[in-house]
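Structural overview
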Amino acid sequence: MSTTIKAYGAEDAKAHLKPISIERRACGDDDVKIDITYCGVCHSDIHTVRNDWKNSKYPVVPGHEIVGHVIEVGKNVKKFKNGDLVGVGCMVDSCQECASCKEDLEQFCEKGMVGTYNGKDKHLGGHTFGGYSTSIVVNKEFVLSIPKNIDPKGAAPLLCAGITTWSPLRHWKVKKGDKVGVIGLGGLGHMGVKFAHALGAHVVMITTSPDKAQDAKALGAHEVLISKNEDDMKKHKNSFDFILNTIPVGHEMDPYIALLKRDATMVLVGAVEPLKPFHGGGLIGGRKRIAGSLIGGIKETQEMLDFCGEHNIVSDIELIDMFDINKAYERVIDSDVKYRFVIDMASLKG
Ligand SMILES: [Zn+2]
Ligand SMILES: [Zn+2]
């Protein structure tokens, strides 16, 4: 038996988000039911609402940076109990059997992971609804523990922005003393700076806007490189061990490729769209690599959260009420937020 709950959603690509009712399944034997307290606002939410990736199903109820308390567990659930502070990120299910799932890389499930919203709902049919809602029921394998000592509001964005930047830093084994560039100071970039700093790297914020220098340094960048300044770009040529590229749109690649050391890698985590053509010689000349990375598996997400607990790392956020969401979207598009909006779900419960 399902329950009807309050949510915020969009009925079509042109619509503003508004209050709607959705169904949540009853808590099954393997499920955890969560009372949502906070939900982060990710740029992907906006892309999905506006059908930018041409795969949206309506109504869209976005939200995949979910934090809340456990209010019910199924009989097979041992790891969680009522009252626990937990999180849910971008995935709520996967096949659990394929090679990727067995390697704890559910985000690359060969049968397709189930997105927290806009995914195929195996239980109720139709599609999944995300965290802009009062509660959610999730398979226990996709529920994460939030460390008790960190601020739950600031923890919400760790579930997408956090793991998206953490996973490549770990996969490419960024270590103490490495020179790491982070391109773009937004929701992703600010987490990249914090993590790279905490891992002991020498962090260089690479940005087009000189006015972001102060903020980047406050977040943990040791240097700021203004990408429009050709002389400064030349000074840093062939010097980076690793570059995390968070630019969310197609862009010139050659200036950044030139910054990499021999054998170094630049990883894209933002631009899910065509890039400007770049010169093969830039890669060939230094055996350089360009790679991509998508969120992270559940095991790695828990490791990231535990690391945040140990190092007291959270996202810098601006807390909003649910009914402010349409204004917040405009500000995200204008990059006018430091650095993530988080919805206080008490405002929807009313
Ligand atoms: Zn996201
Ligand atoms: Zn799988």
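Provided above is the structure to which this section pertains.
Scope of this entry: the structure provided in the associated data block. (Residues numbered from 1 in each chain as written. Chains lettered and ligands numbered in written order. Predicted model: local features only at pLDDT ≥ 70, side-chain atom pairs only at ≥ 80, totals over all residues. Heavy atoms only, no water.)

1. Considerations on the pattern of salt bridges
- A full pass over the atoms with the stated rule returns 21 salt bridges.
- In this structure, aspartate 93 and lysine 122 form a salt bridge, with 3.3 Å as the shortest nitrogen-oxygen distance. Here lysine 122 lies in the loop between β7 (114–115) and β8 (135–139) and aspartate 93 lies in strand β6 (residues 91–93), a separation of 29 residues in the sequence.
- Ionic pairing is found between lysine 338 and aspartate 215, a salt bridge with its closest N-O pair at 2.8 Å. In this pair, lysine 338 is assigned in the loop between α11 (325–333) and β17 (340–344) and aspartate 215 in helix α6 (residues 213–219), connecting sequence segments 123 residues apart.
- Ionic contacts of the salt-bridge type, sharing partners, join the residues Asp30, Lys140 and Glu141 into one network. (Salt bridge = Lys/Arg side-chain N within 4 Å of Asp/Glu carboxyl O. Helix = DSSP H or I, 4+ residues; strand = E, 2+ residues; numbered from the N terminus.)

2. Focus on a negative patch on the surface
- A contiguous patch of negative charge on the surface is contributed by Glu103, Asp104, Glu110, Glu303, Asp306 and Glu310.
- Along the chain, the position of glutamate 110 falls in the loop between α2 (99–102) and β7.
- We classify glutamate 110 as exposed; its relative accessible area is 55%. (Patch = residues over 30% accessible without salt bridge, like charges linked within 9 Å, V, L, I, M, F, W, Y side chains within 5 Å. Areas by Shrake-Rupley, 256 points an atom, 1.4 Å probe, with all protein chains shown as cover. Lys, Arg positive; Asp, Glu negative; His and termini not counted. Charge placed at Lys NZ, Arg CZ, Asp CG, Glu CD. Buried < 20%, exposed > 50% of the residue type's maximum accessible area, 1.4 Å probe, protein only.)

3. Some details on the sheet that holds strand β11 (residues 202–207)
- What the six strands build is an open sheet, ordered β12-β11-β10-β13-β14-β15; its pairing is parallel. Among the strands making up the open sheet, the edge pair consists of β12 (223–226) and β15 (289–292). Direction aside, the axes of adjacent strands within the sheet are offset by 20 degrees on average.
- The pairing of strand β14 (residues 260–268) with β15 spans four bridges and is parallel. Looking at the pairing, leucine 268 lines up with glycine 292 of β15.
- Packed onto the sheet, helix α4 (residues 161–171) meets β10 (179–183), β13 (240–245) and β14 and runs at close to 155 degrees relative to β13. (Pairing = 2+ DSSP bridges. Axes fitted to C-alpha atoms, helices over the stretch in contact; angles between N-to-C directions. Contact = heavy atoms within 4.5 Å.)

4. Things to note about the coordination of the zinc ion (ligand 1)
- At this site the zinc ion (ligand 1) is bound by Cys42 (SG), His64 (NE2) and Cys160 (SG), with donor distances of 2.0 to 2.2 Å.
- Mapping the donors of the zinc ion (ligand 1) onto the primary sequence gives the spacing C-x21-H-x95-C. Within this pair, whereas cysteine 42 is found in the loop between β3 (31–41) and α1 (43–49), its partner histidine 64 is found in the loop between α1 and β4 (66–73), the two being separated by 22 residues in sequence.
- By relative accessible area, cysteine 42 is classed as buried at 5%.
- Histidine 64 sits in the buried class, given a relative accessible area of 8%. (Donors = N, O, S within 2.8 Å, 3.2 Å for Na, K, Ca; no water.)

5. What to know about the packing of aromatic side chains
- Taken as a whole, this structure holds three aromatic pairs when the rule is applied.
- Relative to phenylalanine 195, the ring of tryptophan 166 lies with its centre 5.2 Å away and its plane at 70 degrees, an arrangement referred to as edge-to-face. Note that tryptophan 166 is positioned in helix α4 and phenylalanine 195 in helix α5 (residues 187–198), a separation of 29 residues in sequence. In terms of burial, tryptophan 166 and phenylalanine 195 fall into one category: buried. (Phe/Tyr/Trp six-rings, centres within 6.5 Å; stacked < 30°, edge-to-face > 60°.)

6. Topic: the side chain of threonine 301
- Within the secondary structure, threonine 301 is located in helix α10 (residues 298–311).
- Given a relative accessible area of 4%, threonine 301 falls into the buried group.
- Beyond its immediate chain neighbours, meaning those up to four positions away, threonine 301 contacts Leu144, Leu159, Ile163 and Gly296.

7. What about the coordination of the zinc ion (ligand 2)?
- Each protein donor to the zinc ion (ligand 2) is listed here as Cys95 (SG), Cys98 (SG), Cys101 (SG) and Cys109 (SG); together their distances run 2.3 to 2.4 Å.
- One can describe the site at the zinc ion (ligand 2) as tetrahedral: its four donor atoms subtend angles covering 104 to 119 degrees at the metal. (Tetrahedral: all angles 85-135°; square planar, octahedral: opposite > 155°, others 65-115°.)

8. Topic: the environment of alanine 155
- Assignment of secondary structure puts alanine 155 in helix α3 (residues 152–155).
- According to the relative accessible area criterion, alanine 155 is buried, its value standing at 0%.
- As a C-alpha pair, alanine 155 and glycine 309 span 154 residues in sequence and 9.7 Å in three-dimensional space.
- Excluding its chain neighbours within four sequence positions, the residues that come into contact with alanine 155 are Val67, Ile146, Ile150 and Val314.

9. Overview of the environment of valine 204
- Take valine 204: it is sitting in strand β11.
- Beyond its immediate sequence surroundings of up to four residues, valine 204 is in contact with Lys179, Val180, Gly181, Val182, Glu223, Leu225 and Phe240.

10. Quick look at α5
- Under the 1.5 Å per step criterion, the end-to-end length of α5 is 17 Å for 12 residues, consistent within 8% with the ideal 16 Å.
- Among the 12 residues of α5, 10 are classified as buried, and the element is accordingly described as predominantly covered.
- When α5 is considered as a whole, its buried residues turn out to be Gly187, Leu188, Gly189, His190, Met191, Gly192, Val193, Lys194, Phe195 and Ala196.
- Residue glycine 200 follows α5 closely and has a positive phi angle near 90 degrees. (Expected span 1.5 Å × (residues − 1).)

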